[in-house]
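Examination of the molecular architecture
Residues per chain are reported as follows:
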Amino acid sequence: MDQVVGMIIIILVINIAYVTLFTVRMILTLKGQRYIAAGVSVIEILIYIVGLGIVLDNLDRTENLIAYAIGYGIGVMVGMKIEEKLALGYITVNVITKEYEPDIPNRLRDLGYGVTNWVAYGREGERLMMEILTSRKYERKLYHQVKDLDPSAFIISHETKAFFGGFWLKGVKR
């Protein structure tokens with residue numbers, strides 16, 4: 001019985017490690033970190049081969065397959081959590097204020113953000129529209145700062161693939 005439990009734990013841990021590395025490698029690849037991704041893939045594939053070998057040698061035990069599947073799911077979650085903590089890349093945040101408040105962009109600039117703003121017109125009249133580029137590691141902080149300035153602000157964010165020139169190249173909030 002101890003061998004069975006030991007085998008289940010080994011398969012579970014190996015698959016969590018493999019899929020975590022797989023997930024992180026995919027994210028690194030998508031973020032353009034190709035050399036780090038290549039290094040991670042070497043470790044990833046070694047773990048994969050060992051884990052797959054163990055499972056294939058023990059296909060007669062259903063609990064091993066279940067441990068492999070559960071390890072895979074947990075590995076995806078762990079990989080996503082690691083990526084969230086790494087917060088690689090940049091986001092563009094579009095903010096539309098409920099009222100036209102011209103002081104908000106300057107207050108965000110004082111906090112170190114690069115802000116482009118203009119007057120927009122919505123169903124209920126004039127609005128302030130802002131476009132803010134920030135590192136993903138400051139994403140949540142920016143949301144809170146915007147909400148502190150205008151609790152009813154409408155916020156949309158999307159991942160920024162590339163940017164050239166402008167205020168950002170001077171190193172603001174990097």
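The sections below set out a description of the structure shown in this document. Because the structure is predicted, anything quoted here is derived from the model rather than measured. (Residues numbered from 1 in each chain as written. Predicted model: local features only at pLDDT ≥ 70, side-chain atom pairs only at ≥ 80, totals over all residues. Heavy atoms only, no water.)

**With respect to helix H3 (residues 62-86)**
Formally: Helix numbers and strand numbers start at the N terminus; a helix is a DSSP run of H or I with at least 4 residues, a strand a run of E with at least 2. One fewer than the residue count of a helix, multiplied by 1.5 Å, yields its expected span. Each residue is placed in one exposure class: buried if its accessible area under a 1.4 Å probe, protein chains only, is under 20% of its type's maximum, exposed if it is over 50%, and partly exposed if it falls in between. Whether two residues are in contact is decided by their heavy atoms, any of which lying within 4.5 Å being enough.
With 25 residues, H3 extends 36 Å between its outermost C-alpha atoms, agreeing within 8% with the 36 Å of an ideal straight helix rising 1.5 Å per residue. Along H3, the residues classified as buried are Asn-64, Ala-67, Tyr-68, Gly-71, Gly-75, Gly-79 and Glu-83. Where H3 is buried, its residues meet helix H1 (2-30) and helix H2 (34-57). Ala-87 sits one or two positions beyond H3 and adopts a positive phi of about 45°.

**A short note on the packing of aromatic side chains**
Basically, it comes down to this: Paired rings are identified among Phe, Tyr and Trp, the last through its six-membered ring, by centres lying within 6.5 Å, and are further divided according to the angle between planes into stacked (under 30 degrees), edge-to-face (over 60) and tilted (the rest).
This model, assessed by the stated rule, comprises two aromatic pairs. Arranged with centres 6.2 Å apart and planes meeting at 40°, the rings of Tyr-18 and Phe-22 form a pair that is tilted. With a gap of four residues between them, Tyr-18 and Phe-22 both fall in helix H1, about one helical turn apart. For Tyr-18, a relative accessible area of 11% puts it in the buried group. Residue class for Phe-22 comes out partly exposed when judged on its relative accessible area of 27%. When the ring of Tyr-18 is compared with that of Tyr-48, the centres are 4.7 Å apart and the planes differ by 40°; the resulting orientation is tilted.

**A word on the sheet that holds strand S3 (residues 125-135)**
What counts here: If DSSP finds at least two bridges between two strands, the strands pair. Angles shown run from 0 to 180 degrees and are taken between the N-to-C directions of axes, each axis being a line fitted to C-alpha atoms and, for helices, limited to the stretch in contact.
Spatially, four strands are ordered S2-S3-S1-S4 in an open sheet, and the strand pairing comes out antiparallel. Since the sheet does not close on itself, it has two edges, and those belong to strand S2 (114-122) and strand S4 (154-160), each with one partner. Taking the axes of each pair of neighbouring strands and ignoring which way they run, one obtains an average angle of 20° across the sheet.

**Here's the deal with the packing of H1 against H2**
Selection rule: Here the angle decides the label: under 35 degrees means roughly parallel, over 145 means roughly antiparallel, 65 to 115 means roughly perpendicular, and every other value means oblique. Left-handed is the label given to a crossing in which the near helix is rotated counterclockwise from the far helix by less than a right angle, and right-handed is the label when the rotation is clockwise.
Close contact between H1 and H2 brings their axes to 9 Å; oriented N to C, the two are set at 155°. What the angle tells us is that H1 and H2 run roughly antiparallel. Where H1 crosses over H2, the two elements pack in a sense that is left-handed. Each of Met-7, Ile-10, Ile-11, Ile-14, Ala-17, Tyr-18, Leu-21, Phe-22, Arg-25, Leu-28 and Thr-29 in H1 lies in contact with H2, whose residues at this interface are Ile-36, Ala-37, Val-40, Ser-41, Ile-43, Glu-44, Ile-47, Tyr-48, Val-50, Gly-51, Ile-54 and Val-55.

**Points about the packing of H1 against H3**
Heads up, the rule is: Put simply, Ala, Val, Leu, Ile, Met, Phe, Trp, Tyr, Cys and Pro go in the nonpolar bin, Asp, Glu, Lys and Arg in the charged bin, and everything else, Gly too, in the polar bin.
As a packed pair, H1 and H3 sit with axes 6 Å apart at the nearest point and diverge in direction by 35°. Crossing geometry of H1 relative to H3 is assigned as right-handed. By residue class, the composition of the contact of H1 with H3 is 19 nonpolar, seven polar and two charged.

**Remarks on the pairing of strand S1 (residues 90-96)**
When you tally the buried positions in S1, you get five out of seven residues, the bulk of the element. The pairing of S1 with S3 spans seven bridges and is antiparallel. Along S3, the bridge assignment pairs Ile-96 with Met-129. Relative to S4, S1 is paired through seven bridges, and the arrangement is antiparallel.

**A word on a nonpolar patch on the surface**
Heads up, the rule is: Patches here: salt-bridge-free residues with over 30% relative accessible area, like charges joined within 9 Å, nonpolar side chains (Val, Leu, Ile, Met, Phe, Trp, Tyr) joined within 5 Å. Note on areas: Shrake-Rupley with a 1.4 Å probe; residue coverage comes only from the protein chains shown. Whenever a carboxyl oxygen of Asp or Glu lies within 4 Å of a side-chain nitrogen of Lys or Arg, that contact is scored as a salt bridge.
A cluster of nonpolar side chains, Ile-66, Ile-70, Ile-74, Val-78, Ile-82 and Leu-86, forms an exposed patch at the surface whose accessible area comes to about 460 Å². For Ile-70, the location among the structural elements is in helix H3.

**Here we look at the nonpolar core**
Heads up, the rule is: Buried Ala, Val, Leu, Ile, Met, Phe, Trp, Tyr and Cys residues that are joined via side-chain atoms within 4.5 Å together make up what is termed a nonpolar core.
Counting 14 residues, the largest nonpolar core has Val-93, Val-95, Leu-108, Met-130, Ile-132 and Leu-142 as the members making the most contacts within it. Not counting residues within four places of it along the chain, the set of residues in contact with Val-95 comprises Leu-128, Met-129, Met-130, Ile-132, Val-146, Ala-153, Phe-154 and Ile-155. Core analysis: the next-biggest nonpolar cluster, separate from the first, contains six residues, Ile-11, Ile-14, Ile-54 and Tyr-68 among them.

**Notes on the pattern of salt bridges**
Overall, the coordinates contain seven salt bridges when judged by the stated rule. A salt bridge links Lys-98 to Glu-124; the nearest nitrogen and oxygen atoms lie 3.4 Å apart. Here Lys-98, found in the loop between S1 and helix H4 (104-110), pairs with Glu-124, found in the loop between S2 and S3; they are 26 residues apart in sequence, far enough to count as distant. You can call Glu-124 exposed: its relative accessible area is 57%.

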